[in-house]
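Below, each chain spelled out in residue letters.
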Amino acid sequence: MKSDEQMGFPKNKMIGQNSIAFGQPVAILTSASVVGKKEGQGPLASLFDKVGTDDMFGAKTWEEAESFLQAQAASLCLEKAGLTSQEIRYIFAGDLLGQCIASSFGLAEFKRPLFGVYGACSTSALSMSLGALTVSGGAADKVLCVTSSHFASAEKEFRFPLEYGNQRPLSATWTVTGSGAFLLGENNTESKRALISGITPGKIVDYGIKDAMNMGACMAPAAADVIFHHLKDFKRKPSCYDKIVTGDLGFVGKEILLQLLLEKGIDIEKQHTDCGIEIYDPFLQDTHSGGSGCGCAASVLSAYLLKKLETKEWKRILFVPTGALLSKVSFNEGNSVPGIAHAMVLESP
């Protein structure tokens, strides 16, 4: 049997300390986004595939509503590709709830092998990175990557049920009610939204912050770390990217990120934006520091960022969703909130 190199397919390559460059980029073939009522009132409203008029989505519980979000996004993504669930090899999915129940209940009907993953709000990049490695390594021809979050189910999981009526500080972000689904496959078709050409998986970074209502401060150090190592590994400057897009930092986390990178001699202010800032209107919507949640980066990537790459308005972006690795147990036991972030190089097709 001939090797990949003999067949003309370049191998994946380890880059620097942490990164991987794909010898043959992996294609994002189709994607879909489904969001809640509040997200449908923001500046990206017209770009989402579906907007709910009621955040219960006809379900009896918030958790069931989130499962519905995932099922809807996954179905739409496959529908756009003209495929049934039986025509994909694997599903990579996760969410913010205990035991990833939004994914397990929401995607059971697809009856495909499921890799359940958890990266908190960085799950979109985590699932897509693992999916891209699987496709690039020849272990699958098509994989579906899905994630979601729901404001009410997340508040119940990590803070207080809505009935409690607790007051949110200005540093708090608003968990996005939304889901994003992405079909990844080999780069051998003309129809595709973008290409994944490289990834830099992130490390757990813990600055000892214990304020669970300030997710931006908890996650910004992890974003700074992975961006620093990505640029070092690929020997690139911020100007090599049209945009460097974090997922969930909001206004508070953005300022911390820029400062942390400036201390390392890296200025990304011209290139940087954040999905949590893009999805809500800071003047018309009461979301304080902005948006967060697994569905934040996923829905903004599908609806907004990929469109910019698809139309070639942007040629290359660095997509960096961030996650806060806490639980009710760890928080109530007085532990700090570690952060993690994963970086993906996305290019126009």
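Right, let's walk through the structure included here. Just so it is clear, the model here is predicted, and its values are computed rather than measured.

Another point: empty space enclosed by the protein. Tallied over the entire structure, the rule returns two cavities of 30 Å³ or more. In this model, the largest cavity occupies a volume close to 130 Å³. Lining the largest cavity are 14 residues, and of these L96, C121, F158, R159 and M215 sit closest to its centre. Considering only residue class, the lining of the largest cavity consists of ten nonpolar, three polar and one charged. The space that makes up the second largest cavity amounts to roughly 40 Å³. Around the second largest cavity, the lining residues are E155, R159, R168, A172, T173, A212, M213, N214 and M215. Across the lining of the second largest cavity, the residue classes break down as four nonpolar, two polar and three charged.

The relative placement of two aromatic rings is captured by the distance of their centres and the angle of their planes. Scanning all chains against the criterion turns up five aromatic pairs. When the ring of Y90 is compared with that of F115, the centres are 5.4 Å apart and the planes differ by 80°; the resulting orientation is edge-to-face. With Y90 in strand β4 (residues 90-94) and F115 in strand β5 (residues 114-116), the pair connects residues that are 25 residues apart, well separated along the chain. For the pair Y304 and W314, a centre-to-centre distance of 5.9 Å together with 80° between the ring planes defines the contact as edge-to-face. Residue Y304 is located in helix α8 (residues 294-310), and its partner W314 is located in the loop between α8 and β13 (316-320); the two are separated by ten residues in the primary sequence.

Turning our attention to the pairing of strand β6 (residues 142-149). Within β6, seven of the eight residues are buried, which leaves the element mostly enclosed by the surrounding structure. For β4 and β6, the ladder comprises five bridges, and the chain directions are parallel. Opposite Y90, over in β6, you have V143 as the bridge partner. Here eight bridges tie β6 to strand β8 (residues 178-185), and the two strands are oriented antiparallel to one another. Within the sheet, the bridge partner assigned to K142 lies in β8 and is G185.

Here the structure, examined in full by the defined rule, presents six salt bridges. A salt bridge links E310 to R193; its shortest N-O distance comes to 3.1 Å. You can see E310 sitting in helix α8 and its partner R193 sitting in the loop between β8 and β9 (194-200), a full 117 residues away along the chain. Among the residues examined, E310 registers a relative accessible area of 34% and is labelled partly exposed. Taking the relative accessible area as the measure of exposure, R193 reaches 10% and is therefore buried. Between D225 and K203 there is a salt bridge; the shortest N-O distance is 2.9 Å. Of this pair, D225 sits in helix α5 (residues 215-234) while K203 is found in the loop between β9 and α5, placing the two residues 22 residues apart along the sequence.

Here we take up the nonpolar core. If you look at soluble globular proteins, the nonpolar side chains tend to sit buried side by side. The biggest cluster of nonpolar side chains holds 43 residues, and the ones touching the most others in it are I28, M128, L184, I196, L305 and L346. For this core, the element with the highest residue contribution is α8, accounting for ten residues. Leave out the neighbours within four places in its chain, and L305 touches V245, C275, V300, W314, I317 and F319. Core analysis: the second largest hydrophobic core is formed by 35 residues, C121, A224, I266 and I268 among them.

A word on the side chain of S149. Its place among the elements puts S149 in strand β6. With relative accessibility at 0%, the residue S149 sits in the buried group. Polar contacts involving the side chain of S149 include one to the main-chain carbonyl oxygen of V176, which spans 2.6 Å.

A few words on the packing of helix α1 (residues 62-81) against helix α4 (residues 151-158). Direction vectors running N to C along α1 and α4 enclose 130°, while the axes themselves pass 8 Å from each other. When the axis of α1 is compared with that of α4, the two are oblique. When you trace α1 past α4, the crossing you get is left-handed. Along its contact with α1, which presents W62, E63 and E66, the element α4 presents A152, S153 and K156. Along the lines of polarity and charge, the residues of the contact of α1 with α4 split into two nonpolar, one polar and three charged.

This brings us to α4. Since the α-helix advances by 3.6 residues per turn, residues separated by three or four positions end up pointing in the same direction. Of all the eight residues making up α4, six are buried; the element is thus mostly covered by neighbouring parts of the structure. Within the sequence span of α4, burial applies to F151, A152, S153, A154, E155 and F158. Each element contacted by the buried residues of α4 is listed here: α1, β6, β7 (174-175) and α9 (328-332).

This paragraph deals with the pairing of β4. Across the five residues of β4, five count as buried, placing the element largely inside the fold. Here β4 shows two buried faces, one formed by Y90, F92 and G94 and the other by I91 and A93. Across three bridges, β4 lies against β5 in parallel orientation. Bridge pairing in β5 places A93 opposite G116. Crossover β4 to β5 through helix α2 (residues 101-107) is right-handed.

Quick notes on the rules
Residues numbered from 1 in each chain as written. Predicted model: local features only at pLDDT ≥ 70, side-chain atom pairs only at ≥ 80, totals over all residues. Heavy atoms only, no water. 1 Å grid on protein atoms, 1.4 Å probe; cavity = no way out; pocket = protein on both sides within 12 Å on 5 of 7 lines; lining within 4 Å. Points joined across faces, edges and corners; volume = space filled by probe spheres on them. Nonpolar A, V, L, I, M, F, W, Y, C, P; charged D, E, K, R; others polar. Phe/Tyr/Trp six-rings, centres within 6.5 Å; stacked < 30°, edge-to-face > 60°. Helix = DSSP H or I, 4+ residues; strand = E, 2+ residues; numbered from the N terminus. Buried < 20%, exposed > 50% of the residue type's maximum accessible area, 1.4 Å probe, protein only. Pairing = 2+ DSSP bridges. Salt bridge = Lys/Arg side-chain N within 4 Å of Asp/Glu carboxyl O. Core = buried A, V, L, I, M, F, W, Y, C linked by side-chain atoms within 4.5 Å. Contact = heavy atoms within 4.5 Å. Polar contact = N/O pair within 3.5 Å; in protein donor to acceptor, adjacent residues only side chain to side chain. Axes fitted to C-alpha atoms, helices over the stretch in contact; angles between N-to-C directions. Parallel < 35°, antiparallel > 145°, perpendicular 65-115°, else oblique. Left-handed = near helix turned anticlockwise from the far one by under 90°. Right-handed = clockwise from strand over helix to strand, strands pointing away.

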